[in-house]
Amino acid sequence: MSKQIALIALLCAFVTGTSAQAPIVTRAEAVMFLFQISQKSLPDIRGTEPLFSDVPAGSLQEKTLQAAVENGMIGVNPVTRAVDPDATVSRGEYLRMLAILFSLPANPVHHYTDIPYSASYAPYVGIAERCRLFPTEQQDALKPESPLLLTEAAGAVYTLFRCSAALQPKTASTILPPVAQSSVSRVPQTLSLRINSILSPPLLPSPNATEQKKLQIIGLVNQERMATGLLPFIRNAQLEQAAQAHAKDMYKRGYFSHFNPEGLNYIDRIRQTQYLTLPPELCSCQAVFDLSELLNQRSEVSPHYLVTKRSPVCNCNPRFALGENIARGQQTAQIAVEQWMASPSHRQAILQPLFRETGVGVFGDVWVQEFGSLSLE
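Residues numbered from 1 in each chain as written. Predicted model: local features only at pLDDT ≥ 70, side-chain atom pairs only at ≥ 80, totals over all residues. Heavy atoms only, no water.

**Observations regarding the overall build of the protein**
Item 1. Looking only at helices and strands, one finds 13 helices and 6 strands in the protein.
Item 2. The buried share of the protein, reckoned over its 377 residues, is 50%.
Item 3. When contacts within the protein are restricted to residue pairs at least 6 apart in sequence, long-range pairs at least 24 apart make up 69% of them. (Helix = DSSP H or I, 4+ residues; strand = E, 2+ residues; numbered from the N terminus. Buried < 20%, exposed > 50% of the residue type's maximum accessible area, 1.4 Å probe, protein only. Contact = heavy atoms within 4.5 Å.)

**Digging into the environment of E262**
Item 1. If you trace the backbone, E262 turns up in the loop between α9 (237-253) and α10 (266-272).
Item 2. There is a polar contact of 2.8 Å between the side chain of E262 and the side chain of R253. (Polar contact = N/O pair within 3.5 Å; in protein donor to acceptor, adjacent residues only side chain to side chain.)

**Considerations on the packing of aromatic side chains**
The geometry of an aromatic ring pair is captured by the separation of the ring centres together with the interplanar angle, meaning the angle of the planes.
Item 1. Enumeration according to the criterion identifies 4 aromatic pairs in this entry.
Item 2. Ring geometry for F233 and F371: centres 5.5 Å apart, planes at 40 degrees, overall tilted. Taken together, the residues F233 in the loop between α8 (209-227) and β1 (234-235) and F371 in strand β6 (residues 366-376) connect sequence positions 138 residues apart.
Item 3. Given the relative accessible area of 0%, F233 is considered buried.
Item 4. Each member of the aromatic cluster is reached from another via a ring pair, and the members are F233, F355 and F371.
Item 5. The side chain of R225 reaches across the aromatic face of F233, ending 4.0 Å from its centre. (Phe/Tyr/Trp six-rings, centres within 6.5 Å; stacked < 30°, edge-to-face > 60°. Lys NZ or Arg CZ within 6 Å of the ring centre and 35° of its normal.)

**Concerning unusual backbone geometry**
With glycine set apart, most residues show a phi of negative sign, and most peptide bonds adopt trans.
Item 1. Positive phi, close to 60 degrees, is recorded for R81, a residue that is not glycine.
Item 2. Position of R81 among the secondary structure elements: in the loop between α3 (60-70) and α4 (91-101).
Item 3. By relative accessible area, R81 is classed as partly exposed at 40%.
Item 4. The backbone of K143 sits at a positive phi, close to 55 degrees, despite the residue not being glycine.

**Re the pattern of salt bridges**
Item 1. Under the counting rule described, the total for this entry stands at 9 salt bridges.
Item 2. Put simply, R253 and D249 hold a salt bridge, and the shortest N to O gap is 2.9 Å. Placement of the pair is R253 and D249 together in helix α9, with a separation of 4 residues, close to one helical turn.
Item 3. A relative accessible area of 40% means that R253 is categorised as partly exposed. (Salt bridge = Lys/Arg side-chain N within 4 Å of Asp/Glu carboxyl O.)

**A closer look at the nonpolar core**
Item 1. Y94, L133 and F134 are the most contacted members of the largest nonpolar core, which has 48 residues in total.
Item 2. Every element with two or more residues in this core is listed here: α2 (27-38), α3, α4, α5 (125-131) and α6 (150-163).
Item 3. If one sorts the elements of this core by residue count, α6 sits on top with 8 residues.
Item 4. Each residue touching F134, except ones within four places of it in the same chain, is listed here: R91, Y94, L95, A128, L142, L148, E152 and A156.
Item 5. One finds V221, F233, I350 and W367 within the second-largest nonpolar core, a separate group that totals 23 residues. (Core = buried A, V, L, I, M, F, W, Y, C linked by side-chain atoms within 4.5 Å.)

**Section: the packing of α4 against α6**
Item 1. Packing of α4 against α6 leaves a shortest axis separation of 11 Å and a crossing angle of 40 degrees. When the axes of α4 and α6 are compared, the crossing they make is right-handed. Across the interface between the two elements, R91, Y94 and L98 of α4 pack against E152, A153, A156, V157 and L160 of α6.
Item 2. Partitioned by chemical class, the residues of the contact of α4 with α6 number 6 nonpolar, no polar and 2 charged. (Axes fitted to C-alpha atoms, helices over the stretch in contact; angles between N-to-C directions. Left-handed = near helix turned anticlockwise from the far one by under 90°. Nonpolar A, V, L, I, M, F, W, Y, C, P; charged D, E, K, R; others polar.)

**Topic: the confidence of the model for the protein**
Item 1. Summarising the model, the protein shows a mean pLDDT of 77, and 73% of its residues fall at 70 or more.
Item 2. Confidence drops under a pLDDT of 50 for residues 14-21, and excluding neighbours within four residues, the segment shows 9 contacts in the predicted structure.
Item 3. Confidence drops under pLDDT 50 across residues 171-206; counting only partners more than four residues distant or on other chains, this segment forms 53 contacts. (pLDDT = per-residue confidence, 0-100.)

**Considering the pairing of strand β3 (residues 305-308)**
Item 1. Residues of β3 alternate between two faces, with Y305 and V307 on one and L306 and T308 on the opposite face, all of them buried.
Item 2. Bridging between β3 and strand β4 (residues 318-328) involves 3 bridges; their strand directions are antiparallel. Its bridge partner lying in β4, Y305 is registered against G323. (Pairing = 2+ DSSP bridges.)

**Comments concerning the side chain of K214**
Item 1. Summarising the element assignment, K214 is placed in helix α8.
Item 2. Taking relative accessible area as the criterion, K214 reaches 8% and is therefore assigned buried.
Item 3. In terms of polar contacts, K214 uses its side chain to reach the side chain of Q244, at 3.3 Å.

**Focus: the packing of α8 against helix α12 (residues 333-342)**
Item 1. Axis separation between α8 and α12 bottoms out at 9 Å; the angle between their running directions is 35 degrees. Pair α8 / α12 crosses with right-handed handedness. Across the interface between the two elements, K213, Q216, I217, L220, V221 and E224 of α8 pack against A333, Q334, A336, V337, W340 and M341 of α12.

**Here we look at α3**
Item 1. Buried within α3 we find Q61, E62, T64, L65, Q66, A67 and A68.
Item 2. For α3, the elements touching its buried residues are α2.
Item 3. Of the residues one or two after α3, G72 is the one with positive phi, at around 80 degrees.

**Some remarks on α8**
Item 1. Between its first and last C-alpha, α8 extends 27 Å over 19 residues, near the 27 Å set by a 1.5 Å rise per residue.
Item 2. Those residues of α8 that sit buried are K214, L215, I217, I218, G219, L220, V221, N222, R225 and M226.
Item 3. In the segment just after α8, G229 is the residue with positive phi, at about 90 degrees. (Expected span 1.5 Å × (residues − 1).)

Here you go:
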């Protein structure tokens, strides 16, 4: 598992929140992120004359944008030689970049009703529907002209790799280095900040101590997962809500257990956040979706997690997996993760392949990590 895959999860961990809070992606940011993740080589540019009128000559940004031009991902104004690196990228434009870079099949069938027939991204919309690359409010509406959010950019690549494992980079090569202080002026300041913060959590822009610990836990756990070939976790706000509440409750009330004094466990805590609620647009038979029955059909159970069987419910086949690790007394995230990995049952939860999302809670010297996934198969 390559470092590039972990980069996706750390990016998601850093920016995950509500969509309204997430930054909008520019063309240069989208291109540089995709080339980092894909491990595609960049051209060797010779000479000192700038290739583009609006990009500094000799910069990393110039190399990456030139690679995108050579691959047909973006175009160049034939008169001004401009590539508009700061232009906002739409979902449709990003989908086209993604499809070209990863050689995705063109013209698969789709059921979206808001795709112009002549749009440059139209041939690739089917893969977006099949793999659910972008969140949709309506099942038949992709909203391809919507500005791309940073969370969506990272989530689409992560989901694509999960949907088609063959596209996942196979070897670990050197990723683009953090931007040096002396060269910050040669690339967009926001991008250099994001790259540095992703690669090195301590460089995050002024996080509080608790947030930094959460990011460190996710980064360290994802390193363990990528070492065994597993995809990294995506940070989930509902799982984090459950984890933070349990960490605070254990610290305040002086107990240490997967069960609180009232007898509720991690399954109850996660359910209370609505994490296991199926969106009506994905499963129309909400009235007969019996979560209790699914809990009775567990296919695998450990002290720290459970995995359910597929359970046909009208036209839906819901399946979920939930888990929790707790620790107390550790002074750093590094020590907490090391001790979890040294415990067979905790390690098993961290390396459970069906877990896709995570949330971390930290309060005092108490650490909680919730794991989860919910899918229709």
